[in-house]
Amino acid sequence: MATTELKLPKGLSLRGNNSIQAKASVTIDGVERRPTKAFKFVEVKKVPSELTIAEAIAKASQWRSSTIEALTLGKDIKIETQKEYTLEQGVDYTYKQRWMGNKNPDTALTNAKILVRFFGGNVKLKDIDGEAILKFKDHRRDVDRVADATINRQLTCLTTICKTCFNDGYFSNDGKVPPKAHLSKEFENRVRYWTKEEEIRFEAECNKRGDTFKIVWEMVLISLRAGLRQYEIISLQARDVYDDTSNPDRPVMFITLAPEEVKSGKTRTVSVQGRARQVLLKRMVGLGPTERLFKDITKDALTHRFNTIRGKIGLGYDEQFTFHACRHTNLTRMSEMGIPPKAIMEWAGHQDLKTTMRYIHPSKHHVQNASTLMAQFDETVVENNSNQLTLVGN
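Caption draft 1: Region of the structure containing the pattern of salt bridges. Scanning the model with the defined rule gives 20 salt bridges in all. As a salt-bridge pair, Lys135 and Glu131 come within 3.9 Å of each other at their nearest N and O atoms. Note that Lys135 and Glu131 are positioned in helix H4 (residues 130-143) at a spacing of four residues, about one turn of the helix. Exposure class is identical for Lys135 and Glu131. Each is exposed. As a salt-bridge pair, Glu232 and Arg229 come within 2.8 Å of each other at their nearest N and O atoms. Each member of the pair Glu232 and Arg229 is classed as buried. A single network of salt bridges, built from pairs that share partners, joins Lys196, Glu199, Arg225 and Arg333.

Here you go:
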């Protein structure tokens, strides 16, 4: 029987490493214990100690039944586990198992470092309980003045670490399960977009501080005009851009991002004109095909300098005034200019229109304009087949 066609008993699951995992879940006095054990199998037995898939299923079912019975009777059990990982070990393991292959693993590692700094690298993962998590949330919110959305990302990081280690037998040897990190309600998605005035002030402050800050403005400009993410701009190579001058009156610079350079894993092409094109032309001079256009700045340096300028223009308090808000601004402005949502979705490289719509925020001007348009109906005669209705304003 093909393993993909297996119908396993309750509490058993097929793992990708040719094993059947048994899970015995019991809750007593509100405390959940969920020990697991894996039973490896082979396609063809070569030695008596090896298990066929049928034998592995039978042993897994027997272990699950006896473990549930023992837990229900209050007996101590010992789970075969390789090691109870500390937080630091869990971060290293999760990086190798989950994050290393991501497009941008740095974000996860940044969140993990914050967790290690608060809880300590030597604390065992199983000892980070609900009370400890509450203290972390309170400290980040009340002392560090961090937004709930940011705290949620860090708690999600902790959950990923605990679950990854738990599933592979590195969490606890007594069946203790990872705690539930209750996320705070985020009343709104990121709604920040740049105004034209903020754009002008940001550029002026960068120019005052010389070349080390002018590069920050250049990268901001590319994001504002092309909607590129921060890491997409940092990794941009000379071969990714093509200058089309077939129309001398309106030359266009095309930017094509390869699948390995974008979040969706699919090739994406955008274009820029005007000042953004001039920036890229200047950056391309003397570069080889695989050299980065912004090779003289790192992500950390960009973040530091960006935050410096944010403070200098009086927006240091505004946590939503971020580099990523440039991307929101680009997509919002496209929407305000009447570009269809489907086209914006393609431009942004999103897989789902719902994602795109979270990036589009109507400005006060457009909200007011909508009410102006609606008010026109107060003076309009609406004809409806046989009836004629006149709407009269107050």
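After that view of the structure, there is still more to cover.
Caption draft 2: Spatial organisation of the environment of Arg98. For Arg98, the position within the fold is in helix H2 (residues 87-99). Given the relative accessible area of 47%, Arg98 is considered partly exposed. Residues Arg98 and Thr164, spaced 66 residues apart in sequence, show a C-alpha to C-alpha distance of 8.2 Å. Leaving out residues up to four positions away in the same chain, Arg98 has contacts with Thr160 and Thr164. A polar contact is formed between the side chain of Arg98 and the side chain of Thr164, at a distance of 3.3 Å.

Caption draft 3: Fine view of the packing of helix H7 (residues 211-226) against helix H10 (residues 299-312). At a minimum axis distance of 10 Å, the contact between H7 and H10 shows a crossing angle of 90 degrees. In terms of axis orientation, H7 runs roughly perpendicular to H10. Two secondary-structure elements touch here, H7 through Thr212, Phe213, Ile215, Val216, Met219 and Val220 and H10 through Leu302, Arg305, Phe306, Thr308 and Ile309. Counted by class, the contact of H7 with H10 contains eight nonpolar, two polar and one charged residues.

Caption draft 4: Inspection of the nonpolar core at higher detail. Core analysis: the biggest nonpolar cluster contains 47 residues, and Trp194, Phe202, Met219, Val220, Ile255, Leu280 and Phe294 have the highest contact counts within it. The element that contributes the greatest number of residues to this core is H7, accounting for ten residues. In this view, Met219 contacts Ile233, Ile234, Phe294, Ile297, Leu302 and Phe323; residues no more than four positions away in its chain are not counted. Val91, Ala112, Phe119 and Ile161 belong to the second largest nonpolar core, which has 28 residues in total.

Caption draft 5: Up close: the confidence of the model for the protein chain. Averaged over all residues, the pLDDT of the protein chain is 83; the fraction at 70 or higher stands at 83%. This model gives residues 381-394 a pLDDT under 50, and the stretch forms 13 contacts once residues within four places in sequence are excluded.

Caption draft 6: Local environment of the side chain of Asn330. Topologically, Asn330 is positioned in helix H11 (residues 324-336). Relative accessible area serves as the criterion here: at 4%, Asn330 is assigned to the buried category. Excluding its chain neighbours within four sequence positions, the residues that come into contact with Asn330 are Ser223, Leu224, Arg225, Ala226, Gly227 and Trp347.

Caption draft 7: Quick peek at the pairing of strand S2 (residues 19-23). Along S2, four of the five residues are buried, which leaves the element largely enclosed by surrounding structure. For strand S1 (residues 12-15) and S2, the ladder comprises four bridges, and the chain directions are antiparallel. The residue of S2 that forms the bridge with Leu12 is Ala22. Pairing analysis gives five bridges linking S2 to strand S5 (residues 36-40), with the strands arranged antiparallel. Bridge assignment links Ile20 to a residue of S5, and that residue is Phe39.

Caption draft 8: Structural view of the packing of H7 against helix H9 (residues 274-284). At a closest axis distance of 9 Å, the pairing of H7 and H9 adopts a crossing angle of 130 degrees. Our classification of the angle between H7 and H9 gives oblique. Considering how the two elements wind past one another, H7 and H9 form a crossing that is left-handed. Contacts between H7 and H9 involve Ile215, Trp217, Glu218, Leu221, Ile222 and Arg225 on the former and, on the latter, Arg275, Ala276, Val279, Leu280, Lys282 and Arg283.

Caption draft 9: Just the pairing of strand S7 (residues 252-257), in detail. Bridge count for strand S6 (residues 241-244) against S7 is four bridges, and the pairing is antiparallel. Bridging across to S7, Val241 finds its partner in Ile255. As defined by bridge partners, S7 adjoins strand S8 (residues 268-272) across five bridges and the pair is classed as antiparallel. Across the sheet, residue Met253 finds its bridge partner in S8, namely Val272.

Caption draft 10: Molecular detail of the sheet that holds S2. Here we have three strands laid out as an open sheet, ordered S1-S2-S5, and antiparallel in their pairing. For this open sheet the edge positions go to S1 and S5, each flanked by a neighbour on one side alone. Neighbour to neighbour, the strand axes of the sheet diverge by 25 degrees on average, direction disregarded.

Rules and cut-offs
Residues numbered from 1 in each chain as written. Predicted model: local features only at pLDDT ≥ 70, side-chain atom pairs only at ≥ 80, totals over all residues. Heavy atoms only, no water. Salt bridge = Lys/Arg side-chain N within 4 Å of Asp/Glu carboxyl O. Helix = DSSP H or I, 4+ residues; strand = E, 2+ residues; numbered from the N terminus. Buried < 20%, exposed > 50% of the residue type's maximum accessible area, 1.4 Å probe, protein only. Contact = heavy atoms within 4.5 Å. Polar contact = N/O pair within 3.5 Å; in protein donor to acceptor, adjacent residues only side chain to side chain. Axes fitted to C-alpha atoms, helices over the stretch in contact; angles between N-to-C directions. Parallel < 35°, antiparallel > 145°, perpendicular 65-115°, else oblique. Nonpolar A, V, L, I, M, F, W, Y, C, P; charged D, E, K, R; others polar. Core = buried A, V, L, I, M, F, W, Y, C linked by side-chain atoms within 4.5 Å. pLDDT = per-residue confidence, 0-100. Pairing = 2+ DSSP bridges. Left-handed = near helix turned anticlockwise from the far one by under 90°.

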